[in-house]
Amino acid sequence: MHKIALIPGDGTGPEVTAEAVKVLDAAAAACGFKYETTNFDFGGDRYLATNEVLPETAVDELRGFDAILLGAIGHPGVKPGILEKGILLRLRFELDLYINLRPVKLYAGVETPLVGKGPEHIDFVVVRENTEGLYAGAGGTLKKGTPDEVAVQESINTRKGVERCLRYAFDYTRSRNKEKTLTLCGKTNVLTFAFDLWERAFNEVGEADYPDIKRDYAHVDATCMWMVKNPEWFDVIVTDNMFGDIITDLGAMVQGGMGIAAGGNINPDSVSMFEPIGGSAPKYTGQGVINPMAAISSCQMMLSHLGEREASDRVEKAVIHVLSKKLKSMSAGKMGYTTAQVGDLVAEAVADPPS
Ligand code: IPM
Ligand code: MN
């Protein structure tokens, strides 16, 4: 029995989460596993009503689950930063979800803005460090609001934090078994403290324990260039929190947009949280037009993480079928189906896989 915590969240989060659960249900019936869900109402509406972002007991309670499925966090009525820091980042930090795993995979039938590139060129994975770097919150301000104001925001990189992320990325590259190439994305020519640590750890760990994995390096600016020009060069990319945030938005566009980009916040030894990369899309809320594929694919990643291989494969095949045979576009309102109909189509293809 898998115990799954649902945090549908804000905006279109609840709509896409409902479709992910619909598909989860179809997968459970088809593959014979059991699960139960518990709903948590964390998000902007709860905050506006109670003035509390996350209850004291929330983090401990969530530790008792096998996985968390999150819809979206972000509310137009709440100042930017409050919910992001108070819910999303707090859960990442306190549950020590030190990996943010973001596949960039172009499925057949999905349009990419990269001219001349197809599914055979766009299939790599970004392993983003998820608990340190510029996100650690180190720094402060002096003389705020005066002409002499100073703002410092420091990037924290610990040997332990960097090394565990690198090891995860090396292991992932090995088990993915594609090009067996891991690219470190950094900025060793300017950030000579932080990425010196990253680079040394990368080479030491790689040489000692992963001689079968080819090591490559690219500066973050060049990484952006190659992601557009030659995405087929990448197998697995490992990078710090901030660079990972930025390059995975680029990755999402390359694989067809926010409607389809999925991710997992992972602690390999504890509860992990799966979420679409996109936000809460307030302007589409409640219209039934948002694309639920990113949430469905996040659910698929969750199934794989929970060890439900067959179910995960079945869901991915169903997603590919619906994307290539049914949806007219990935964009909200242009799919040719409602949000719920897309969920139905995927669930049907899970129950009865088209040959
Ligand atoms: C993401 C988001 C978050 C991040 C925000 C909402 C705090 O952009 O998951 O990529 O910066 O990590
Ligand atoms: Mn982001």
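What you see is a predicted model; the values in this text were computed from it and never measured.

A.B. asks: Explain the overall build of the chain here, please?
C.D. replies: A count of helices and strands for the chain gives 11 helices and 12 strands. In terms of overall size, the chain behaves like a compact globule, its C-alpha atoms giving a radius of gyration of 20 Å where 355 residues would be expected to give roughly 20 Å. For the chain, the C-alpha atoms occupy an extent of roughly 55 × 50 × 40 Å along the three principal directions. Considering the chain as a whole, with its 355 residues, one finds that 53% of them fall into the buried category. When contacts within the chain are restricted to residue pairs at least 6 apart in sequence, long-range pairs at least 24 apart make up 76% of them. Computing the positive centroid from 36 side-chain charges and the negative centroid from 48, the chain places the two 3 Å apart.

A.B. asks: Can you walk me through the site of ligand 1 in this structure?
C.D. replies: Contacts to ligand 1 come from Glu 84, Leu 88, Arg 92, Arg 102, Arg 128, Tyr 135 and Asp 245. Tyr 135 places a side-chain nitrogen or oxygen 2.6 Å from an oxygen atom of ligand 1. Separating an oxygen atom of ligand 1 from a side-chain N or O atom of Asp 245 is a distance of 2.9 Å. Relative to its unbound accessible area of 320 Å², ligand 1 is 77% covered by the protein chains. Partitioning the shell around ligand 1 into residue classes produces two nonpolar, no polar and five charged.

A.B. asks: Would you take a moment to explain the environment of Lys 214 for this structure?
C.D. replies: If you trace the backbone, Lys 214 turns up in strand β9 (residues 214-219). Expressed as a C-alpha distance, the spacing of Lys 214 and Asp 66, which sit 148 residues apart in the sequence, is 33 Å.

A.B. asks: I'm lost on the side chain of Asn 100 in this one. Help?
C.D. replies: Mapped onto the secondary structure, Asn 100 falls in strand β4 (residues 99-105). Here Asn 100 falls in the buried class, since its relative accessible area comes to 1%. One polar contact links Asn 100 to Asn 130, side chain to side chain, over a distance of 3.3 Å. Those residues in contact with Asn 100 that sit more than four places away from it in its chain are Arg 92, Val 126, Val 127, Arg 128, Asn 130, Gly 264 and Asn 265.

A.B. asks: How should helix α1 (residues 13-31) be read in this particular structure?
C.D. replies: Helical geometry note: an α-helix holds 3.6 residues per turn, so side chains three or four residues apart project in the same direction. Taking 1.5 Å per residue as the helical rise, α1 with its 19 residues ought to reach 27 Å, and the 27 Å between its terminal C-alpha atoms agrees with that figure. Of the residues flanking the end of α1, it is Gly 32, one or two places downstream, whose phi is positive at about 75°.

A.B. asks: I would appreciate a short explanation of the side chain of Lys 117 in the present structure.
C.D. replies: Residue position: Lys 117 is located in the loop between β4 and β5 (123-129). A polar contact is formed between the side chain of Lys 117 and the backbone oxygen of Lys 229, at a distance of 3.3 Å. Apart from residues no more than four positions distant in its own chain, Lys 117 is found in contact with Leu 106, Thr 112, Ile 122, Lys 229, Asn 230, Pro 231 and Glu 232.

A.B. asks: Honestly, the pattern of salt bridges in this entry has me stumped. Any pointers?
C.D. replies: A side chain with one charge can pair with a side chain of the opposite charge if their charged atoms come near. Evaluated as defined, the whole model comprises 24 salt bridges. For Arg 167, the salt bridge goes to Asp 209, with nearest N and O atoms at 2.8 Å. Residue Arg 167 is located in helix α5 (residues 159-176), and its partner Asp 209 is located in helix α6 (residues 194-209); the two are separated by 42 residues in the primary sequence. Judged by relative accessible area, Arg 167 falls into the partly exposed class, the value being 27%. Taking the relative accessible area as the measure of exposure, Asp 209 reaches 37% and is therefore partly exposed. Linked by salt bridges that have partners in common, Arg 159, Glu 163, Arg 167, Glu 204 and Asp 209 make up one network.

A.B. asks: I would appreciate a short explanation of the packing of aromatic side chains in the present structure.
C.D. replies: In this description, an aromatic ring pair is defined by two values, namely the gap between the centres and the angle between the planes. Summed over all chains, the structure comprises nine aromatic pairs. Look at Phe 195 and Phe 243: their rings are 5.5 Å apart centre to centre, the planes differ by 5°, and that puts the pair in the stacked class. With Phe 195 in helix α6 and Phe 243 in helix α8 (residues 241-254), this pair connects stretches of sequence that are 48 residues apart. Using a relative accessible area of 13% as the deciding quantity, one classes Phe 243 as buried. Members of the aromatic cluster, joined through ring pairs, are Phe 40, Phe 42 and Phe 65. The side chain of Lys 3 reaches across the aromatic face of Phe 65, ending 5.2 Å from its centre. Positioned above the aromatic ring of Tyr 135 is the side chain of Arg 128, whose terminal nitrogen or guanidinium carbon lies 5.1 Å from the ring centre.

Procedures and definitions
- Residues numbered from 1 in each chain as written.
- Chains lettered and ligands numbered in written order.
- Predicted model: local features only at pLDDT ≥ 70, side-chain atom pairs only at ≥ 80, totals over all residues.
- Heavy atoms only, no water.
- Helix = DSSP H or I, 4+ residues; strand = E, 2+ residues; numbered from the N terminus.
- Rg over C-alpha atoms; globule rule 2.2 N^0.38 Å.
- Buried < 20%, exposed > 50% of the residue type's maximum accessible area, 1.4 Å probe, protein only.
- Contact = heavy atoms within 4.5 Å.
- Lys, Arg positive; Asp, Glu negative; His and termini not counted.
- Charge placed at Lys NZ, Arg CZ, Asp CG, Glu CD.
- Near = heavy atom within 4 Å.
- Polar contact = N/O pair within 3.5 Å; in protein donor to acceptor, adjacent residues only side chain to side chain.
- Areas by Shrake-Rupley, 256 points an atom, 1.4 Å probe, with all protein chains shown as cover.
- Nonpolar A, V, L, I, M, F, W, Y, C, P; charged D, E, K, R; others polar.
- Expected span 1.5 Å × (residues − 1).
- Salt bridge = Lys/Arg side-chain N within 4 Å of Asp/Glu carboxyl O.
- Phe/Tyr/Trp six-rings, centres within 6.5 Å; stacked < 30°, edge-to-face > 60°.
- Lys NZ or Arg CZ within 6 Å of the ring centre and 35° of its normal.

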